[in-house]
Amino acid sequence: RSWHENGFYDLAAELDYALGVTGQPSLYYIGHSMGTTTLLVLLSARPEYNSRIRQASLLAPVVYFQHPRGLMASALPVSKKFERDLRASHVEVLPLGTVPLTLMNSLCHPGAATYNLCVAVFMQVAGPDRKQLNETLFTTILAHLPAGGSLGQFVHFAQVYKTGQFRQYDHGVRLNTRLYGRSQPPLYNLTNVVAPIVFYYATGDYLSDAKDVERLISEVPGTAAVFKVPDKKFNHADYLWGTNSYELLYKTVLKTLRDF
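Residues numbered from 1 in each chain as written. Predicted model: local features only at pLDDT ≥ 70, side-chain atom pairs only at ≥ 80, totals over all residues. Heavy atoms only, no water.

Colleague: How should I be thinking about the sheet that holds strand 2 (residues 53–59) in this particular structure?
Modeller: Strand pairing in a sheet relies on backbone hydrogen bonds, with the paired strands running either antiparallel or parallel. A sheet is described by the order of its strands in space; here four strands give the open sequence 1-2-5-6, paired in parallel fashion. The open sheet terminates on both sides in strands that have one partner only, identified here as strand 1 (27–32) and strand 6 (223–228). Adjacent strand axes in the sheet meet at a mean angle of 15 degrees, parallel and antiparallel pairs treated alike. In this structure, strand 5 (residues 197–201) lies alongside strand 6, joined through five bridges in parallel fashion. By the bridge assignment for strand 6, Phe199 is matched with Val226. On top of the sheet, helix 2 (residues 34–45) reaches strand 1, strand 2 and strand 5; it is set at about 130 degrees to strand 1, its chief contact. (Pairing = 2+ DSSP bridges. Helix = DSSP H or I, 4+ residues; strand = E, 2+ residues; numbered from the N terminus. Axes fitted to C-alpha atoms, helices over the stretch in contact; angles between N-to-C directions. Contact = heavy atoms within 4.5 Å.)

Rendered as structure tokens:
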């Protein structure tokens, strides 16, 4: 339904499976964007899993949304307005193929008259870093975006924006009372996160704002190290496809893994 279930059930099962197959007592975890949210859900709500994380590298952590920028600055207020109406919906949003691939290729390939418009929209979502954009890979990237997600995931993020709190899914007073024994959903107890966490963030990231990440860092006792990408325009997508991401980021990630 939302990223609560992704963390509380799915990620727990994945960790158990990996450790069971390898026979190891703990493992390294690398998560990007919502992959960071799900780990923090798991370690907060099921603290016994902290001992199974040797070290976690959280890239562009996504928890708080009090400083939205770009298209998110327009989308979050709208989603806040309709959040209550959407709570009970169970649908997939923006599935793969929402924009036909043939149309995407014709509009967004380098040399097309509308190419710069495609880049501008992409930057409004991720952050304004054209320098790191791999233009030969751009149409391939767009062929896999959007890739779909549960409406509940988007609604849950909208609730975080609405309340300013990292808490479980708000089903409404009646269902909250039945599920949680209280009218409001419980907060995720970030003080339970004691596994060694290394945070990686960037000031040019529109989806993981630096101020929101710094708030999160201050609330996690397991914070072992913090790395701010030195390129001030490095954005949310550059973690995945930035042309210089190895030098700017992954060389440090690998060194930190070796240190642990």
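Colleague: Just to check I follow, could you spell out the pattern of salt bridges for this structure?
Modeller: Pairing of side chains with opposite charge becomes possible as their charged atoms draw close. Taken as a whole and assessed by the stated rule, the structure comprises 13 salt bridges. With its nearest N and O atoms 3.2 Å apart, the salt bridge here joins Asp209 to Arg69. Pair noted here: Asp209 is in the loop between strand 5 and helix 9 (210–219) and Arg69 is in the loop between strand 2 and helix 3 (71–86), with a separation of 140 residues, a long-range link. Accessibility expressed as a relative area gives 8% for Asp209, which makes it buried. Arg69 sits in the partly exposed class, given a relative accessible area of 26%. For Lys162, the salt bridge identified is with Glu83, shortest N-O distance 2.8 Å. Of the two residues, Lys162 is situated in helix 7 (residues 151–163) and Glu83 in helix 3; the sequence distance between them amounts to 79 residues. Connected via shared salt-bridge partners are Glu83, Arg87, Lys162, Arg167 and Asp170. (Salt bridge = Lys/Arg side-chain N within 4 Å of Asp/Glu carboxyl O. Buried < 20%, exposed > 50% of the residue type's maximum accessible area, 1.4 Å probe, protein only.)

Colleague: I would appreciate a short explanation of the pairing of strand 5 in the present structure.
Modeller: Working note: regular strand, side chains alternate between the two faces of the sheet. The element strand 5 is largely enclosed, with a buried count of five among its five residues. Because side chains alternate across strand 5, one face comprises the buried residues Ile197, Phe199 and Tyr201, and the other comprises Val198 and Tyr200, equally buried. Both strand 2 and strand 5 contribute to a ladder of four bridges, which runs parallel. Counted as the bridge partner of Ser57 is Val198 from strand 5. After leaving strand 5, the chain enters helix 9 and then returns to the sheet as strand 6, a path that is right-handed. (Right-handed = clockwise from strand over helix to strand, strands pointing away.)

Colleague: Even after reading the chapter, I still don't get the packing of helix 1 (residues 3–22) against helix 2, so can you show me in this structure?
Modeller: Each pair of packed helices can be summarised by the angle the axes make with each other and by the distance between the axes. Between helix 1 and helix 2, whose axes approach to 8 Å, the crossing angle comes to 80 degrees. By the angle class used here, helix 1 and helix 2 are roughly perpendicular. Note on element contacts: helix 2 touches helix 1 through Met34, Thr37, Thr38, Leu39, Val41, Leu42 and Ala45, opposite Trp3, His4, Asn6, Gly7, Phe8, Leu11, Ala12 and Leu15. Within the contact of helix 1 with helix 2, the residues separate by chemical class into ten nonpolar, five polar and no charged. (Parallel < 35°, antiparallel > 145°, perpendicular 65-115°, else oblique. Nonpolar A, V, L, I, M, F, W, Y, C, P; charged D, E, K, R; others polar.)

Colleague: Explain helix 11 (residues 245–259) to me, please; I cannot follow it from the model alone.
Modeller: Since the α-helix advances by 3.6 residues per turn, residues separated by three or four positions end up pointing in the same direction. Relative to the 21 Å expected for 15 residues at 1.5 Å per residue, helix 11 spans 20 Å between its end C-alpha atoms, a close match to the ideal helical length. At Lys251, helix 11 is deflected by roughly 25 degrees, the largest bend along its length. Within the span of helix 11, buried status applies to Ser245, Leu248, Leu249, Val253, Thr256 and Leu257. Where helix 11 is buried, its residues contact strand 1, strand 2, strand 5, strand 6 and helix 10 (238–241). (Expected span 1.5 Å × (residues − 1). Bend = angle between axes of the 7 residues up to and from the residue.)

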